[in-house]
Amino acid sequence: MNLKKKRIGILGGSFDPAHNGHLAISKEAAKRFKLEKIIWAITKKNPFKIKSSLSLQSRIKGCKKIIKKNKFIEVKFYENKIKSNKTINLINYFNKNKKNEIFFLMGADNLINFHKWHKWKQISEKCNILVFDRYGYKKKSLNSKTYKTLKSEKFKFVYFNKVNISSSQLRKI
């Protein structure tokens with residue numbers, strides 16, 4: 001019996017703070033790649049950043065406020081459950097029963113340093129990676145070590161009507 005896998009998107013990050021850009025790529029991914037559910041997996045601390053400006057609880061609350069009526073998006077904190085803040089461990093958690101097809105969502109800015117992530121090649125082998133174009137990052141991301149290494153059917157660069165906002169811009173306001 002061949003059961004159809006559930007198509008799940010994961011958008012990981014500190015969401016410091018969550019904004020309409022996160023929502024826009026989630027909606028676009030769900031529509032374009034026929035995802036049944038998208039999980040915003042909040043991390044307590046991004047390993048590439050010094051510290052979050054908002055508490056974990058405030059960031060979770062902010063995410064839930066942004067997604068409001070978008071019931072296909074869930075906001076979750078998995079680090080206590082999986083005992084890790086590594087993306088590969090989160091992907092393995094969702095792949096453990098082999099009933100899901102995972103789509104990992106990221107902005108083009110993250111692609112530039114993706115090769116520095118823990119077990120980055122394994123992440124690309126275990127899920128589909130959807131990279132969303134962002135203002136000012138297209139050239140750098142397309143010239144990145146990751147992009148040049150991962151040209152495969154598991155990797156898609158997604159062009160769409162971008163929302164020109166970032167969490168770092170919002171923190172400066």
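Residues numbered from 1 in each chain as written. Predicted model: local features only at pLDDT ≥ 70, side-chain atom pairs only at ≥ 80, totals over all residues. Heavy atoms only, no water.

S.K.: Now, about the overall build of the chain: what can you tell me, with residues and values included?
M.R.: Along the chain, the regular secondary structure elements total nine helices and six strands. Oriented by its inertia axes, the alpha-carbon framework of the chain measures out at about 55 × 35 × 30 Å. For the chain, buried positions account for 46% of its 173 residues. Here the contacts in the chain between residues at least 6 apart in sequence split such that 78% fall between residues at least 24 apart. Computed over 43 positive and 10 negative side-chain charges, the inter-centroid distance for the chain is 4 Å. (Helix = DSSP H or I, 4+ residues; strand = E, 2+ residues; numbered from the N terminus. Buried < 20%, exposed > 50% of the residue type's maximum accessible area, 1.4 Å probe, protein only. Contact = heavy atoms within 4.5 Å. Lys, Arg positive; Asp, Glu negative; His and termini not counted. Charge placed at Lys NZ, Arg CZ, Asp CG, Glu CD.)

S.K.: Account for the sheet that holds strand β4 (residues 100-107), naming residues and giving values.
M.R.: Spatially, six strands are ordered β3-β2-β1-β4-β5-β6 in an open sheet, and the strand pairing comes out parallel. Each having just a single partner strand, β3 (73-76) and β6 (155-158) make up the two edges of the open sheet. Strand-to-strand twist across the sheet, computed as the mean angle between neighbouring axes with direction ignored, equals 25°. The pairing of strand β5 (residues 128-132) with β6 spans four bridges and is parallel. Bridge pairing in β6 places F132 opposite V158. Docked against the sheet, helix α1 (residues 20-33) engages β1 (6-13), β2 (37-42), β3, β4, β5 and β6, running at close to 145° with respect to β2. Sheet contacts for helix α2 (residues 56-67): β2 and β3; angle to β2, the most-contacted strand, approximately 155°. (Pairing = 2+ DSSP bridges. Axes fitted to C-alpha atoms, helices over the stretch in contact; angles between N-to-C directions.)

S.K.: Talk me through unusual backbone geometry; I want residue IDs and the actual numbers.
M.R.: The amide bond that connects D16 to the next residue, P17, takes the cis arrangement and shows omega of 0°. Inspection of the secondary structure assignment puts P17 in the loop between β1 and α1. Not every positive phi belongs to a glycine, and K34 is a case in point at roughly 55°. Within the secondary structure layout, K34 lies in the loop between α1 and β2. Note on K34: relative accessible area 62%, which makes it exposed.

S.K.: Got a sec to walk through helix α4 (residues 87-95)? Specific residues and values, please.
M.R.: Within the span of α4, buried status applies to T87, I88, L90, I91, F94 and N95. Projected down its long axis, α4 carries its buried residues within an arc of 160°, all on one side. At its buried positions, α4 is contacted by β1, β2, α3 (79-82), β4 and α6 (120-126). (Arc of directions from axis to C-beta.)

S.K.: I'd like to hear about the layout of surface pockets, residue by residue, with values.
M.R.: A volume near 160 Å³ is recorded for the second largest pocket. As for the second largest pocket, its lining consists of K5, N92, N95, K98, N100, E101, I102, K126, C127, N128 and K154. Elements that contribute at least two residues to the lining of the second largest pocket include exactly α4 and β4. Looking at which element gives the most residues to the lining of the second largest pocket, the answer is β4, with three residues. Looking at the lining of the second largest pocket residue by residue, the classes come out as two nonpolar, four polar and five charged. (1 Å grid on protein atoms, 1.4 Å probe; cavity = no way out; pocket = protein on both sides within 12 Å on 5 of 7 lines; lining within 4 Å. Points joined across faces, edges and corners; volume = space filled by probe spheres on them. Nonpolar A, V, L, I, M, F, W, Y, C, P; charged D, E, K, R; others polar.)

S.K.: Can you tell me about a positive patch on the surface, naming the residues and giving the values?
M.R.: On the surface, K5, K98, K119 and K126 cluster together into a positively charged patch. Note that K126 resides in helix α6. (Patch = residues over 30% accessible without salt bridge, like charges linked within 9 Å, V, L, I, M, F, W, Y side chains within 5 Å. Areas by Shrake-Rupley, 256 points an atom, 1.4 Å probe, with all protein chains shown as cover. Salt bridge = Lys/Arg side-chain N within 4 Å of Asp/Glu carboxyl O.)

S.K.: Give me the lowdown on the environment of G107, citing residues and values where you can.
M.R.: For G107, the location among the structural elements is in strand β4. Along the chain, G107 and I129 lie 22 residues apart, while their C-alpha atoms are 10 Å from each other. Those residues in contact with G107 that sit more than four places away from it in its chain are V131, F132 and R134.

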